[in-house]
Amino acid sequence: MKSVHIFVPATIANLSCGFDVLGACLDTIGDEMKISLTDTSEIRITKIEGAKLPYDVDKNVAGVAVMALLKAYKKKIGVDIEIYKNIKAGSGIGSSAASSAGAVWGVNYLLGNPFSILELVAFAMEGEKLASGNAHADNVAPALFGGFTLVRSYAPLDIISLPVPKELIATVIHPQIEVKTADARAVIKQNVSLQKAIQQWGNIGGLVSGLFMNDYDLISRSLEDVIIEPLRSILIPSFNEVKNMANKSGALGCGISGSGPSIFTLNKGMKTAKKVADAMENEYQKTGLDFDIHISKINTTGIKIIKN
Ligand code: ADP
């Protein structure tokens, strides 16, 4: 029985201005998975630790993503999946995406990489569709490609890997409340004014340029979301206060991670990132809610093998 044990990273989707198109891969937060090929010709979730999630392959994003891959592979093979969760479901740092991406990456690796990373993104998106009703790629793309990714187009799927300025460090605060992606999608509007759209696409262009040019000031000016954040931030206790404190402490920018409730910042250098994390923590203590806080480099590799 061939098997691989992998680390599957958490991810920050949207990055303020890039709703459903931009994402970043984290380094210090993630799940572990063990994927094995078997001769049962069945997909099975054999172990889940760290979270209460369905073992039924039709209801677990890992099972659904592997089904999509095997449909394209066309040969009958069996797959056993073990999931060790550290990323809580509904945290906004790509919990479902990690399971979808890890499962298809592991199976592809064991089969000798018949599929490209872009094809794996498409299979993993089937898992995202199960989790949130929408086959978005802004978490699965950075988990699979690593670094920063831009989904330029969904049809056809076109994903661009963006450069990672060396000194960029992310912080993430995760209040222990659950905001379901489906609920966070329900509060947003389907129409956008032209004035806001102009501001938003200016910022996306600015952020992408800033990453290419290593221009931290430009990155900072561009980390602004005038469309989604004003509507979604009401679901996150003390969002504005935390953002204020993070910005005062020197963060390049602060926004909602994915659909929340996690809040992220990007910073230049570890020293500033630690100062910002402390400020966010101090502010959040006032809410009386439990929370986790993470400081992480941007992970340029994506999924990593722990043991072959
Ligand atoms: P996040 O924003 O952290 O990715 P989501 O809200 O997108 O979280 O996804 C979590 C939802 O997906 C939950 O309803 C959860 O039950 C469901 N789900 C199904 N399988 C998994 C899995 N393997 N890992 C995480 N969530 C899963």
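Further up the page is the structure itself.
Residues numbered from 1 in each chain as written. Predicted model: local features only at pLDDT ≥ 70, side-chain atom pairs only at ≥ 80, totals over all residues. Heavy atoms only, no water.

Q: Could you clarify how one ought to interpret the packing of aromatic side chains in this entry?
A: By convention here, two paired aromatic rings are described through the distance between centres and the angle between planes. Tallying each qualifying case throughout the model produces four aromatic pairs. A centroid spacing of 6.3 Å and a plane angle of 65° characterise the contact between Y73 and F115, whose relative ring orientation is edge-to-face. Remark: F115 occurs in the loop between α2 (95–110) and α3 (117–132) and Y73 occurs in helix α1 (residues 61–73); sequence separation between them is 42 residues. An identical accessibility class is assigned to Y73 and F115; each is buried. (Phe/Tyr/Trp six-rings, centres within 6.5 Å; stacked < 30°, edge-to-face > 60°. Helix = DSSP H or I, 4+ residues; strand = E, 2+ residues; numbered from the N terminus. Buried < 20%, exposed > 50% of the residue type's maximum accessible area, 1.4 Å probe, protein only.)

Q: Would you explain the state of the cysteines in this entry?
A: Cysteine pairs can be linked by a disulfide, which is a covalent bond between their two sulfur atoms. Following the criterion strictly, the structure yields zero disulfides and no others. With no disulfide of its own, C17 has C254 as its nearest cysteine by sulfur position, at a separation of 14 Å. For C25, which is in no disulfide, the shortest distance to another cysteine sulfur is to C17 and amounts to 19 Å. Taking relative accessible area as the criterion, C25 reaches 0% and is therefore assigned buried. (Disulfide = S-S within 2.5 Å.)

Q: Quick question: what am I supposed to make of the site of the ligand here?
A: Around the ligand, the surrounding shell holds 17 residues, and the nearest of these are N60, G90, S95, S99 and T181. For the ligand, a nitrogen atom lies 3.2 Å from a polar atom in the side chain of K85. Take S96: an N or O atom from its side chain is 3.1 Å from an oxygen atom of the ligand. Here the ligand has 570 Å² of accessible area as a free molecule, and 89% of this is covered by the chains. Taking a 2 Å distance to the grid points as the criterion, the majority of the atoms of the ligand fall inside the largest pocket. Counting residues per element, the shell around the ligand draws most heavily on α2, which supplies three residues. (Near = heavy atom within 4 Å. Polar contact = N/O pair within 3.5 Å; in protein donor to acceptor, adjacent residues only side chain to side chain. Areas by Shrake-Rupley, 256 points an atom, 1.4 Å probe, with all protein chains shown as cover. 1 Å grid on protein atoms, 1.4 Å probe; cavity = no way out; pocket = protein on both sides within 12 Å on 5 of 7 lines; lining within 4 Å. Sits in = over half its atoms within 2 Å of the grid points.)

Q: Would you take a moment to explain the packing of α1 against α2 for this structure?
A: When two helices pack together, their arrangement is given by the angle between the helix axes and by the axis-to-axis distance. In contact at an axis separation of 8 Å, α1 and α2 are set at 40° when each is read in the N-to-C sense. In terms of orientation, α1 lies oblique with respect to α2. Read as a crossing pair, α1 and α2 show a hand that is right-handed. For the pair α1 and α2, contact is made by V61, A62, A65, V66, L69 and L70 and by S96, S99, S100, A103, V104, V107 and N108, respectively. Its residues placed into classes, the contact of α1 with α2 shows nine nonpolar, four polar and no charged. (Axes fitted to C-alpha atoms, helices over the stretch in contact; angles between N-to-C directions. Parallel < 35°, antiparallel > 145°, perpendicular 65-115°, else oblique. Left-handed = near helix turned anticlockwise from the far one by under 90°. Contact = heavy atoms within 4.5 Å. Nonpolar A, V, L, I, M, F, W, Y, C, P; charged D, E, K, R; others polar.)

Q: Explanation requested: the pattern of salt bridges in the structure shown.
A: Close approach of charged atoms lets side chains of opposite charge pair. On inspection of all chains with the given rule, the structure shows nine salt bridges. Ionic pairing is found between K85 and D31, a salt bridge with its closest N-O pair at 2.6 Å. With K85 in the loop between β4 (78–84) and α2 and D31 in strand β2 (residues 22–38), this pair connects stretches of sequence that are 54 residues apart. One exposure class covers both K85 and D31, and it is buried. For the salt bridge of R152 with D158, the shortest nitrogen-to-oxygen distance reads 2.6 Å. We classify D158 as partly exposed; its relative accessible area is 24%. (Salt bridge = Lys/Arg side-chain N within 4 Å of Asp/Glu carboxyl O.)

Q: I tried to follow the sheet that holds strand β9 (residues 263–268) on my own but got confused; where do I start?
A: Backbone hydrogen bonds hold the strands of a sheet together, and the pairing may be parallel or antiparallel. Read across the sheet, four strands follow the order β8-β9-β7-β10 without closing on themselves; strand pairing throughout is antiparallel. Strands with a single pairing partner mark the edges of an open sheet, and in this sheet they are β8 (253–256) and β10 (291–297). Strand-to-strand twist of the sheet, defined as the mean angle between neighbouring strand axes without regard to direction, takes the value 20°. Pairing of strand β7 (residues 168–175) with β9 involves six bridges; the strand directions are antiparallel. Paired with I169 across the two strands is N267, which belongs to β9. (Pairing = 2+ DSSP bridges.)

Q: Looking at this structure, I do not really get the environment of M1. What am I missing?
A: One can find M1 in the segment before β1 (3–13). Measuring from C-alpha to C-alpha, the distance between M1 and S259 comes to 38 Å, with 258 residues separating the pair along the chain. With residues up to four places along the chain from it excluded, the contact list for M1 reads S36, L37 and T38.

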